[in-house]
Amino acid sequence: MHPMLNIAVRAARVAGTIIVRGFENRDDLQLQEKGSNDYVTHIDKEAEKAIINKIRQSFPTHGFLGEESGETQGEDPDFQWIIDPLDGTTNFIKGIPHFAVSIALLYKGRLDQAVVFDPIRGEIFTASRGKGAQLNGYRLRVTKPRDLTNTVLATGLPFKNKKQYGEFALSLNKIFHECGDIRRAGSAALDLAYVAAGRYDGYWERGINSWDIAAGELLVRESGGLVTDYTGGNDPLFKGEVVAGSPKVVQGLVKHLK
């Protein structure tokens, strides 16, 4: 395992311990509303702080972009860690056991290392650029359907901006009638990890942030998949939208999303 990925895995496990402890004791989550239908708990903040502290112990000159703490410039501009300490906070708050820690490393502007950790299932998805992706040590590969027929896809609803639902519904209707079925589970990081693992055939969502998808994007790419924006552009990290799957699946989705 790459040394930087090894540290990221350790950081994810530290955060996972905090999250599981909080999940078992949800009576005092110190809930705050950041925006419309957008919540944060003290567990999110505590987990992010623990991740940053763990990484800084080994890489004190690196920068960070965290969902809760924002951007912190490092002495070495080549390295930036993108962190979502608890992707799926609403699930966490409601007691739904489907959420994850997401940690990715940008090196000179390119995704280089990635970890998505599901602390409830004990599943740790990892990827290093050019070295493939793994789930608990086993190699991952995306599925290779010839088109959307019989595929199981994942998406996310525009719950933070419900005015976008009309446009979303139009594309959803087209995709639904062409694919096998669609899931909406509430964690973009796990949606992408599941695409990488072949559990989902594809995934699309708009209204997301870089920390939601950074680690998952590398997982999919290193599993032989394609990750684009809604127009088919291959650099979706800061676009606020993402499409992922095998090339044929992405092609089939993009035609309905343009």
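Bear in mind the structure is a predicted one, so any value in this text is a computation, not a measurement.

Criteria and cut-off values
Residues numbered from 1 in each chain as written. Predicted model: local features only at pLDDT ≥ 70, side-chain atom pairs only at ≥ 80, totals over all residues. Heavy atoms only, no water. Axes fitted to C-alpha atoms, helices over the stretch in contact; angles between N-to-C directions. Helix = DSSP H or I, 4+ residues; strand = E, 2+ residues; numbered from the N terminus. Parallel < 35°, antiparallel > 145°, perpendicular 65-115°, else oblique. Contact = heavy atoms within 4.5 Å. Nonpolar A, V, L, I, M, F, W, Y, C, P; charged D, E, K, R; others polar. Core = buried A, V, L, I, M, F, W, Y, C linked by side-chain atoms within 4.5 Å. Buried < 20%, exposed > 50% of the residue type's maximum accessible area, 1.4 Å probe, protein only. Domains from an automatic or database assignment. Pairing = 2+ DSSP bridges. UniProt positions renumbered as here; feature names shortened; annotations may be inferred. 1 Å grid on protein atoms, 1.4 Å probe; cavity = no way out; pocket = protein on both sides within 12 Å on 5 of 7 lines; lining within 4 Å.

The geometry of helix H5 (residues 188–196) relative to helix H6 (residues 210–222) is characterised by a closest axis approach of 8 Å and an angle of 0° between their N-to-C directions. With respect to each other, H5 and H6 are oriented roughly parallel. Of the residues in H6, those touching H5 at Ala188, Ala189, Leu192, Ala193, Val195 and Ala196 are Asp212, Ile213, Gly216, Glu217, Leu219 and Val220. Partitioned by chemical class, the residues of the contact of H5 with H6 number nine nonpolar, one polar and two charged.

Formed by 37 residues in total, the largest nonpolar core has its most connected members in Val116, Phe125, Tyr203, Leu219 and Val220. Where this core is concerned, the elements lending two or more residues are strand S6 (100–107), strand S7 (110–118), strand S8 (123–128), strand S9 (132–135), H5, H6 and strand S15 (241–245). Built from parts of two domains, this core gets at least three residues from each of domain 1 (3–139) and domain 2 (152–255). Once residues lying within four places of it in the same chain are set aside, the contact partners of Leu219 are Val116, Phe125, Thr126, Ala127, Ala133, Ala193 and Ala196. Counting 32 residues, the second-largest nonpolar core is a separate cluster that includes Ile43, Trp81, Ile83 and Phe92.

Counting buried positions along strand S13 (residues 202–206) yields four of five residues, so the element is predominantly enclosed. Two strands pair when backbone bridges link them, and strand S11 (residues 152–155) and S13 are joined in this way by three bridges, in the parallel orientation. Directly across from Thr155, in S13, lies its bridge partner Trp204. Two strands pair when backbone bridges link them, and S13 and S15 are joined in this way by five bridges, in the antiparallel orientation. Of the residues in S15, the one forming a bridge with Arg206 is Glu241.

Attention now moves to the UniProt feature "binding site: Mg(2+)" (unreviewed entry) in the protein chain. Residues annotated by UniProt as "binding site: Mg(2+)" (unreviewed entry) correspond here to Glu67, Asp84, Leu86, Asp87 and Asp212. For the residues just named, distributed over 146 residues, the greatest C-alpha separation is only 9.6 Å, placing them together at one site. Here, the largest pocket is lined by Glu67, Asp84, Leu86, Asp87 and Asp212 out of the annotated residues. When sequence neighbours within four positions are dropped, the list of residues in contact with Leu86 reads Ile19, Ile43, Asp44, Phe92, Phe99 and Ala100.

With that out of the way, let us pick up the sheet that holds S13. Sheet strands associate in pairs through backbone hydrogen bonding, adopting either a parallel or an antiparallel arrangement. Spatial strand order, S12-S11-S13-S15-S14: five strands in an open sheet with mixed pairing. Of all strands in the sheet, those bounded by a partner on one side alone are strand S12 (181–183) and strand S14 (226–228). Neighbour-to-neighbour, the strand axes of the sheet open up by a mean angle of 20°, direction not taken into account. Both S14 and S15 contribute to a ladder of three bridges, which runs antiparallel. Directly across from Thr228, in S15, lies its bridge partner Val243. The strands touched by helix H7 (residues 247–257) are S11, S13, S14 and S15; relative to S15, the strand with the most contacts, the crossing angle is about 145°.

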